[in-house]
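Chains, contacts and geometry: an overview
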Amino acid sequence: MKNAILLSALSLLLIACGGEENKKDDSKITVGGTNTEATSEESEDKMTADNESDVIELSLEGNDQMKYNKKRLRAKAGAEVELTFKHVGEMSKQAMGHNFVLLKKGTDIMEFGEKAAGAVDNDYIPEDTDAIIAHTEMLGGGESTVLKFTAPTEKGEYDFICSFPGHVALMKGKFIVN
């Protein structure tokens, strides 16, 4: 009998909390009443638009451990996007450079990574490809850049990667267009 009451109470609690799930911002964590950015690599950037310009502002970081701080970024189809990309590590661009490369649907990321590895003179961005939607410049530790582009008009998931040689296996995520 006690188990049935406990199970009922837990079910009610889960149902009551479930209604807020869609309103929750996964990229924020509340600590002592203060919201802070999540540090988990599983965090996700939510769409935030400035009401006057309707520009979606996103942020992404790469570190010396060859990891992005987010696995997913979101934008509305056809929206103007302003991505702030930071290399939060300390290593040089030549030793541990990072960038953000948004690829068209259907692009084989490992094949693209191999092609990019040969583009040394162009910061590892192949010149003879139509697979790229947008990309940042290659950054070294402590550097940052802002990339402005239009999100794809077709809804779905698009891959983003770092094209520095060998990084594509670890530094990748999904750009989700709603």
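In what follows, the structure referred to is the one given above.
Remember, it's a predicted structure, so these values are computed and weren't measured experimentally. (Residues numbered from 1 in each chain as written. Predicted model: local features only at pLDDT ≥ 70, side-chain atom pairs only at ≥ 80, totals over all residues. Heavy atoms only, no water.)

Let us look at the overall build of the protein. The number of helices and strands found in the protein is three helices and eleven strands. Seen in sequence order, the protein has helices and strands lined up from the N terminus as α-β-β-β-β-β-β-α-β-α-β-β-β-β. Counting all 178 residues of the protein, 36% fall into the buried class. Taking the intrachain contacts of the protein between residues at least 6 apart in sequence as the baseline, contacts between residues at least 24 apart amount to 69%. When the accessible surface of the protein is totalled, it reaches about 10500 Å², and 50% of it is carbon and sulfur. (Helix = DSSP H or I, 4+ residues; strand = E, 2+ residues; numbered from the N terminus. Buried < 20%, exposed > 50% of the residue type's maximum accessible area, 1.4 Å probe, protein only. Contact = heavy atoms within 4.5 Å. Areas by Shrake-Rupley, 256 points an atom, 1.4 Å probe, with all protein chains shown as cover.)

Take the pairing of strand E6 (residues 80-87) next. Residue alternation in E6 divides its side chains into a buried set, Val81, Leu83, Phe85 and His87, and an unburied set, Glu80, Glu82, Thr84 and Lys86. When strand E4 (residues 55-62) meets E6, the two strands line up parallel, connected through eight bridges. Bridging across to E6, Gly62 finds its partner in His87. Bridge count between E6 and strand E9 (residues 144-150): seven bridges; the pairing is antiparallel. Within the sheet, the bridge partner assigned to Leu83 lies in E9 and is Leu147. (Pairing = 2+ DSSP bridges.)

The mixed open sheet is built from three strands, whose spatial order is E4-E6-E9. Looking at the sheet topology across the chains shown, the edges are occupied by E4 and E9. Pairwise comparison of adjacent strand axes, ignoring direction, gives a mean angle of 20° for this sheet. (Axes fitted to C-alpha atoms, helices over the stretch in contact; angles between N-to-C directions.)

Along helix H3 (residues 109-117), the residues that are buried comprise Ile109, Phe112, Gly113 and Ala116. Viewed end-on, H3 has its buried residues packed into an arc of 105°, placing them on one side of the element. In H3, the exposed positions angled more than 90 degrees off the buried face are occupied by Glu111 and Glu114. Packing partners of the buried residues in H3 comprise strand E7 (101-103), strand E8 (132-135), strand E10 (156-161) and strand E11 (172-177). A side-chain oxygen of the first residue of H3 lies 3.0 Å from the backbone nitrogen of Met110; this N-cap is Asp108. (Arc of directions from axis to C-beta. Polar contact = N/O pair within 3.5 Å; in protein donor to acceptor, adjacent residues only side chain to side chain.)

Moving on, we come to the environment of Lys104. You can see Lys104 is positioned in the loop between E7 and H3. Distance from Lys104 to Asp159, taken between C-alpha atoms, is 7.4 Å for residues 55 residues apart in sequence. Filtering out sequence-adjacent residues up to four positions away, Lys104 remains in contact with Asp130, Ala131, Ile132, Ile133 and Tyr158.

Scanning all chains against the criterion turns up six aromatic pairs. Linked through ring pairs, Tyr68, Phe85, Phe100, Phe149, Phe160 and Phe175 together constitute an aromatic cluster. (Phe/Tyr/Trp six-rings, centres within 6.5 Å; stacked < 30°, edge-to-face > 60°.)

Turning our eyes to something else, we now look at the pattern of salt bridges. Per the stated rule, a full pass over the model turns up five salt bridges. The salt bridge partner of Lys93 is Asp123, with a shortest N-O separation of 3.6 Å. Placement of Lys93 in helix H2 (residues 93-96) and of Asp123 in the loop between H3 and E8 is noted, with a sequence separation of 30 residues between them. When its relative accessible area of 28% is taken as the criterion, Asp123 is described as partly exposed. The residue Asp128 makes a salt bridge to Lys115 at a minimum N-O spacing of 3.6 Å. Within this pair, whereas Asp128 is found in the loop between H3 and E8, its partner Lys115 is found in helix H3, the two being separated by 13 residues in sequence. On the basis of relative accessible area, Asp128 is assigned to the exposed category, the value being 58%. (Salt bridge = Lys/Arg side-chain N within 4 Å of Asp/Glu carboxyl O.)

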